[in-house]
Amino acid sequence: MIRIEKLHKSYPIGKDSLHVLKGIDLHIKEGEFVSIMGSSGSGKSTLLNIVGLLDEHDEGDYFLNGQLIKNLNEKKAAILRNKFLGFVFQSFNLISYKTALENVALPLYYKGINRKDRLKIALEYLDKVGLKAWANHLPNELSGGQKQRVAIARALVTKPKVVLADEPTGALDSTTTDSVMDLLKDINDEGMTVFVITHEEEVAEQTKRIVRLKDGIIISDELTKPAKAV
Amino acid sequence: MFDLDRWREIFQSISKNKLRSALSGFTVAFAILLFTLLFGIGNGLQNTFKNEFAKDAMNSIYIWSNYTTKAYKGNQIGRRIQFKNDDFTFLKENFGDKIQTISPRIQRSEDVVYKDEKDRYTVRGVYPEYYVLESAKVTEGRFLNYRDINEKAKVVVIGRMVEKDLFGQLSAFGKQIKMGGIIYKVIGVFSDPGGDSDERFIYTPFSTMQRLYGNNDYLDEFGITYNPNLSIDAAIAFGVKMQRALKKKHNVSPNDQRGIGLNNYASGNKEVSGMMFGLSILILIIGFGTLIAGIVGISNIMVYIVKERTKELGIRKAVGATPKAIVAMIMQEAMFITAISGYVGLLIGVGILEIAGPSLEKFFILNPGVSQPVVIGATIILILAGMIAGYLPAKKAARIKPVVALNAD
C-alpha cells in the first residue's frame, strides 16, 4: 500500500536547511495498523505529511497504492488525497460553521457527489462513529472526543485506502483516547490500513506494529503482541 | 455555469460569517453610494449649466442690418442697409450646405386685442423653420407651415404668456384676435424654455407680414441654425464668412462693425463647452477616485478574508479540494457580495438623490442623477475589481501547502 525508499526531506531555515528525514525505508501493507512513535522533532509529522501528500519529499521514492508519487501538481495531489487518503488531525480541523454532518460530507462534495447522496452517506458514517444524534450540531457544541469521531467519520466517508491519523488523541483525556483508539481498531478490523502518529506509548501499544523514529531515521520496527481484550 | 452545490457552499459561508460578509459588502456599497452621489451631483451641476444656455437652439446665428459706420466704395457713412428677399436666396444658395435651417424675420410691435383685453406685443413674421431657433414647444394646435406662407394666411401662433394675458384661463386655440386692425386666427400656443419674455411673442407667416406691412420684399433679420456637425471653430468661421459675403454684397466696408451685425451662439458655446468639459473631467476624476477607493477597500478586505480562512482552506485541501475549486469558491463569493452590495449602494444613492434632488436646486444642482449605463459600468468595474482582488489572495491561498495552512490559526 505504502512503500517508501530512502526518503529525505529538508526544510530551509534562513540560509541553512534542517535535515528532518534522513533516509527512511518503510513498507506498509494493506490492512496494517501501524504507529509511528517518536519524540517531538523526530520527523514523524513530516513523514505523515509526505505520506499524506500534504508535503513533498526531496529525495527517494514514494509509492502510494503502487503509484510513484513524484512532481505531483496540486490538482493531482488533491485528487489522490480525495481518492486514497483520509485524515485525522490532532486539532480535529473541522470547519467551525458547518454542522457535524456537513463536515463529514465535505470530502464527498469535492468528489462531485450530489447533495442528497452525500448527506445520506455522511449520516451512515456518523452513525458508525455513534454520533447520529449529533448530526446537526456545530463542532463547538461537541466534546473533544466527539469532534475527533466526527473527524474520523470524515476521514472514512470517501472509503479511502489509508487513514492517516496525526496525534489523534493528543488533545483528548484518557477515557476518550480509549474510545477513539477503539474506533480506529474497529476500522482496522474491517480491513482499512491505519497509520497513526503518536508520542504516547499507550496509544502505540494498541496498534499492531510500532515504528520508532529518532532524529530522522527509523531505530526500530516491530510487531506488537496481539492486542489484549479491554 | 450554474452549480447549485457551489452556491450552497457560498451562501453558507456568507451567512455563517456575517461580520466578514458585512464588512466587504459595506465597503462596496459605500463606494457605489459615494460614486452615485458625487456623480449625480456633478451631473446636476452640469444640468444647471446646460439649462442656462439651452434657452435657444445652441447652434443659432442671427444676422441683422443697421446703419453703416464707415464710408466705402463711394457710399456715404450712415447709410441704412436693408435686407431683401434676394438676400434670403443668396444665403440659401451660397451656404446651404452648412445651414441646418434658415428663416427670415420681420418684427413689429403691435397692439393686440381680444374682446376687452388689449396689450402690446412683439409680432414676428417668420418661416416654419423659426420654430427650431427658439427651441419653442407647441402646447396646443400647431406651428406655422408652408401652406400658411404660400397662402399668406392671417394666422398666428401665440406664446403662453400672451394667452394668459388676453384669454385668462380660457384656451386661445381657434379664437380670433385683432392686430393692427386686422383679424387673425390663433392656430397654436407655444411655451419656450427662454421664459416669460420669450413667451410674449406672436408668430405669423413671413409672407403675410411682408404683404401687410409695406407690401415690399424687405426683411429685418435672418435666423439661422448651422449644421450641428460643424465643430465650434468651424461654426464661428462659418458665421464670419457669411457676414463677409453679405457685407460684400451690400457694399459695406469689411471693417465696418455695425452695418451688418451677426450674433453667433457658437462663440458663447465655446466658453460654455469649455466649462462643461472641465466639469466633466472633474466628475470623471471624482468618479474614478471613488471607484479606486472602493477597489482598494475591497482588495484589503479580500486579503483579510483569505488570511482568515487559510485554515479552512487547508482543511478543504486536505479532504480533496483542488486549487481551482478553492479559487473559484473565493472568487464567486467575492463576486456575489460585490454585486449585491453594489446594487444596494446604488439603490440607496439613487434614493437619496431622488429625495434630496429638488431641495438642491438653490445650490445650482438641477436634476441630479446618474444614467443607467454609468452605474452599471461602475458596478461591473467593482465586481471585476472584487474578482481580481479575490483572485490574487485566493491563488496564493490555493498554493499554500496544506500543512502550512492547517497549522495556521
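From a predicted model like this one, the values you see are computed outputs, not experimental measurements.

All names here are of chain A. Burial analysis of strand β7 (residues 162-166) places five of its five residues in the buried class, which makes it a mostly covered element. Burial along β7 is two-sided: the residues V162, L164 and D166 and V163 and A165 are all buried. In this sheet, β7 lies alongside strand β6 (residues 85-88) in parallel orientation, the contact comprising four bridges. Directly across from G86, in β7, lies its bridge partner V163.

On to the interface of chain A and chain B, then. Each side of the interface is counted separately: chain A has 28 residues, and chain B has 29 residues. Carbon and sulfur atoms make up 58% of the area that chain A and chain B hide from each other, which totals about 2,400 Å². Area buried by chain A at its contact with chain B is led by A:E74, A:Y97 and A:Y110, which between them contribute 30% of it. Taken together, the links from chain A to chain B amount to zero salt bridges. Summed over the shared surface of chain A and chain B, the result is six residue pairs in polar contact (both at pLDDT 80 or more). Of all the secondary structure elements, the ones that give two or more residues to the side of chain A that touches chain B are α2 (74-84), α3 (100-110) and α4 (115-128) of chain A. Broken down by element, the side of chain A that touches chain B gets its largest block of residues, six residues, from α2(A).

A pair of packed helices can be characterised by two numbers: the angle between their axes and the separation between those axes. All names here are of chain B. One way to put it is that helix α10 (residues 310-318) packs onto helix α11 (residues 323-356) with a least axis distance of 10 Å and a crossing angle of 140 degrees. In terms of orientation, α10 and α11 fall into the oblique class. Classified by chirality, the crossing of α11 by α10 is right-handed. Contacts between α10 and α11 involve E312, L313, R316 and K317 on the former and, on the latter, I326, M329 and I330. Per-class residue counts for the contact of α10 with α11 are four nonpolar, no polar and three charged.

Cut-off values and rules
- Residues numbered from 1 in each chain as written.
- Chains lettered and ligands numbered in written order.
- Predicted model: local features only at pLDDT ≥ 70, side-chain atom pairs only at ≥ 80, totals over all residues.
- Heavy atoms only, no water.
- Buried < 20%, exposed > 50% of the residue type's maximum accessible area, 1.4 Å probe, protein only.
- Helix = DSSP H or I, 4+ residues; strand = E, 2+ residues; numbered from the N terminus.
- Pairing = 2+ DSSP bridges.
- Contact = heavy atoms within 4.5 Å.
- Buried area = accessible area lost by both parts, 1.4 Å probe.
- Salt bridge = Lys/Arg side-chain N within 4 Å of Asp/Glu carboxyl O.
- Polar contact = N/O pair within 3.5 Å; in protein donor to acceptor, adjacent residues only side chain to side chain.
- Axes fitted to C-alpha atoms, helices over the stretch in contact; angles between N-to-C directions.
- Parallel < 35°, antiparallel > 145°, perpendicular 65-115°, else oblique.
- Left-handed = near helix turned anticlockwise from the far one by under 90°.
- Nonpolar A, V, L, I, M, F, W, Y, C, P; charged D, E, K, R; others polar.

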